[in-house]
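Notes for the structure review
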Amino acid sequence: MGEFFDFFLNGLGLGAIFAFIALGYTMVYGIIKLINFAHGEFFMVGAYVGYFTLRDLDIERVDLPQPFPIMLDFLVAILFAALAAGILAVLTERLAYRPVRKAGRIAALLTAVGVSLLLQNVARQVWTANVRPFPDPKIFRTLDEVDGPAGTNLYADRDFETSDGDVVVETQLVVSQGETVDPAKRTQLEADGVEEVYERVTLSPKAVQNYVLLALLLFAPILWLLVKKTRMGKAMRAASEDADAARLMGININLVVAATFFIGAFVAGIGGVAYIATYGKVDPMIGFLPGLKAFVAAVIGGIGSIPGAILGGLILGVTESVLPWMLQKMGWDAAFAWKDAIAFAFLIVVLVVKPTGILGKPMREKV
Amino acid sequence: MLILENVDVYYGNIQALYGLSLEVKEGEIVTLIGSNGAGKTTTLRTISGLLPARGGSILFEGEPLVGQRPEKIVGRGIAHSPEGRRIFVGLSVRENLEMGAYLVRDAAKKKERLERVFSLFPRLEERINQSGGTLSGGEQQMLAIGRALMSRPKLLLLDEPSLGIAPILVQEIFHEIDRIRREDGTTILLVEQNARMALKLADRGYVIETGRIVHQDQADALLDDPKVREAYLG
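Not measured: the values here are computed from a predicted model. For every chain, the first residue of the written sequence is number 1, and numbering continues from 1 along that sequence. The lettering of chains begins at A and the numbering of ligands begins at 1, in the order of writing. For this predicted model, a pLDDT threshold of at least 70 governs which residues receive local features, and a threshold of 80 or more governs which side-chain atom pairs are given and counted, while totals over whole chains, interfaces and linings are taken from all residues. To get the side-chain values, take all heavy atoms of the structure and skip hydrogens and water.

Some details on the overall build of chain A
Runs of H or I in DSSP of at least four residues are treated as helices and runs of E of at least two as strands, each being numbered from the N terminus. Each helix and strand counted, chain A has 12 helices and eight strands in total. Dimensions of chain A, computed from the C-alpha atoms along their principal axes, are close to 85 × 50 × 40 Å. The rule is simple: take the accessible area with a 1.4 Å probe, protein chains only, and divide by the maximum for that residue type; under 20% is buried, over 50% is exposed, in between is partly exposed. Considering chain A as a whole, with its 367 residues, one finds that 50% of them fall into the buried category. Counting only contacts in chain A whose residues sit at least 6 apart along the sequence, the fraction spanning at least 24 positions is 75%. With residues, only the protein chains shown are counted as cover, and all accessible areas are computed by Shrake-Rupley using a 1.4 Å probe. Taken as a whole, chain A presents about 17,700 Å² of accessible surface, with 65% of it coming from carbon and sulfur. His is not counted here, nor are the chain ends, while Lys and Arg score as positive and Asp and Glu score as negative. To locate a charge, take NZ of a lysine, CZ of an arginine, CG of an aspartate or CD of a glutamate. In chain A, which carries 31 positive and 34 negative side-chain charges, the distance between the mean positions of the two groups comes to 18 Å. Here a residue-residue contact requires only that any non-hydrogen atoms of the pair lie within 4.5 Å.

What follows is the structure, given as structure tokens:
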């Protein structure tokens, strides 16, 4: 039972990431009936921006007791990631989707596929195709603060001159765990140009998943209120039901569509940081499979439905985690290798049983 | 107040309105009658900016409307209660009405208008928290008209308010339309297939056939016109 619970929680954490991405799919679909295949790339770009924020900005330096610097570090990374993804989505909508909005759904869909490939390849050029490890949050110390045997490995960033004459920053292990830091060691480090050392805080995947789930639990009601109670949210719901009628009310559809893209991608950007923290890596292709699965989640939940996207994400995550585990228990050793196939097979089953998804409304023809 | 002159409208390459001209004066109820597909709805959709006019001009209070977006035209004082009601079925009655006052930022004004709508259609107040989709056809029509009134329009465009509604409710709705003109001074352009009811209510009427105005007169004169009687009053 304990093992089942582990896989179940693991699935929920994974599902929360799917849900974060699925929300944008479903909101955009609700309003302009476009499957925005570039949505996974908004997520990917958000993940990169989060990565660079965590790696380079050293927000943990803020002078507060632990764990606040680390929390602040993540919050700022999430905010930057979400904003970057949101802005990218608004630009994409303006430059690529709006010009073809009247040209039919196939044209829009192909444009979305094109944007997706474009962003993947631009990311590969700009950020290289290398898989980059997740930058663990750091706890900084000046040399004076370190005394006696070190509790953990301590690192320092140092400038190195390459053979081309470029100066690059490299991270170096300067004190191993258990090594004693005494005046002699300190002098030696100072001679090497080290004034400050830091320890890396490695978060366990389990802890990260719990935080991701917590973030979804906190964020979902905010989003719900936004859509349910605010003027823009009501305009979104009105426009998604009947764009012409909404325009007759004085609603500027272009503005509503842009806001929808922004919010959808903003949420995906949060998911981007959640993803790299959970999986410990970022690369230009991370938008592809999670994006596709989030789309599946949105369809399972009922595309166009916001609670459906959250529910669909969680269900897909749990299915992908628990079902292979059960199959493995039943004697199929390779079940985990098949988890993606299982996820998509699950989609097919849901669509056969309930074509509109779990919370989807039956399609009605407009007269 | 509203003057259409030689307006041409196309759906793709198919022409729907041919040099259509009509005028609505301040304080009037003018009706546009005609059979299915004659271009009544097209005319209203063109006025409110949902369809572009390719030729001719539309003036509202002396200013051109052609080429303006619908959301701007509402702000100018023209509200459109569209054919088929087109209420937001997933939104509550209150939210539907609030959408009608989307451009109004003043909460006190919104409240005052909401009360006005409820005084015209008390049934809506009883259903205030129900979602639009749960209302009967007649109630939905009341909601569509009420929603249009929330912008406090100078000119109200009504498209087929009698469509698919029980006769007793049609009577009630037409009675309230008359009140809207009398008590609020709202000018009304009414499109109807139910020509008799429309002409009884209106001051003047236009008859439209295949995208052209073929006849216009005082409403009571049209009611007595043998050709109109034969074609539209059965």
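Remarks on the pairing of strand 10 (residues 212-218) of chain B
Residues and elements named next belong to chain B. Note: strand 9 (residues 204-209) against strand 10, six bridges, orientation antiparallel. Each residue of the ladder has a partner; that of Ile208, found in strand 10, is Ile213. DSSP bridges decide pairing: two strands pair if at least two such bridges lie between them. Where strand 9 folds back onto strand 10 in an antiparallel hairpin, the turn is made up of two residues, including Thr210, whose phi is positive at roughly 35°.

Describing the confidence of the model for chain B
One number per residue, pLDDT, summarises how confident the predictor is, and it ranges from 0 to 100. The predicted model of chain B averages 94 in pLDDT, with 100% of residues at 70 or higher. Per the prediction output, this complex has pTM 0.88; the corresponding ipTM is 0.93.

Some words on helix 7 (residues 167-184) of chain B
For a helix, the expected span equals 1.5 Å multiplied by the number of residues minus one. Taking 1.5 Å per residue, 18 residues should reach 26 Å; helix 7 of chain B reaches 25 Å between its end C-alpha atoms and fits that length. Within helix 7 of chain B, burial applies to Leu169(B), Val170(B), Ile173(B), Phe174(B), Glu176(B), Ile177(B), Arg179(B), Ile180(B) and Arg181(B).

Points about the domain arrangement of chain A
Size of an interface: often given as the accessible area lost when the parts come together. Residues and elements named next belong to chain A. Note that domain bounds follow an automatic or database assignment of domains. Examined at the domain level, chain A breaks down into domain 1 (2-134 + 205-353) and domain 2 (138-200). Taken over C-alpha atoms, the centre of domain 1 sits 38 Å from the centre of domain 2. On the side of domain 2, four residues touch domain 1, which itself brings six residues to the contact. Buried area counts how much accessible surface, traced with a 1.4 Å probe, disappears from two parts once they are put together, with both parts' losses summed. Counting the surface lost from both domain 1 and domain 2, the interface buries some 470 Å², and carbon and sulfur atoms represent 45% of this. Among the residues of domain 1 in contact with domain 2, Glu60, Arg61 and Gln66 are the three that bury the most area, contributing 72% of the side total. For this document, the term salt bridge refers to a Lys or Arg side-chain nitrogen within 4 Å of an Asp or Glu carboxyl oxygen. Here domain 1 and domain 2 share one salt bridge between them.

Brief notes about the sheet that holds strand 6 (residues 78-81) of chain B
Residues and elements named next belong to chain B. With mixed pairing, the six strands of this open sheet are ordered in space as 6-7-8-3-9-10. Two strands bound the open sheet, and with one partner strand each, they are strand 6 and strand 10. Along the sheet, successive strands turn relative to each other by an average axial angle of 15°, direction set aside. Bridge count between strand 6 and strand 7 (residues 155-159): four bridges; the pairing is parallel. From the neighbouring strand, His80 faces strand 7, where its bridge partner is Leu157. Axis lines are fitted to C-alpha atoms, over the contacting stretch for helices. Their N-to-C directions set the angle, which ranges from 0 to 180 degrees.

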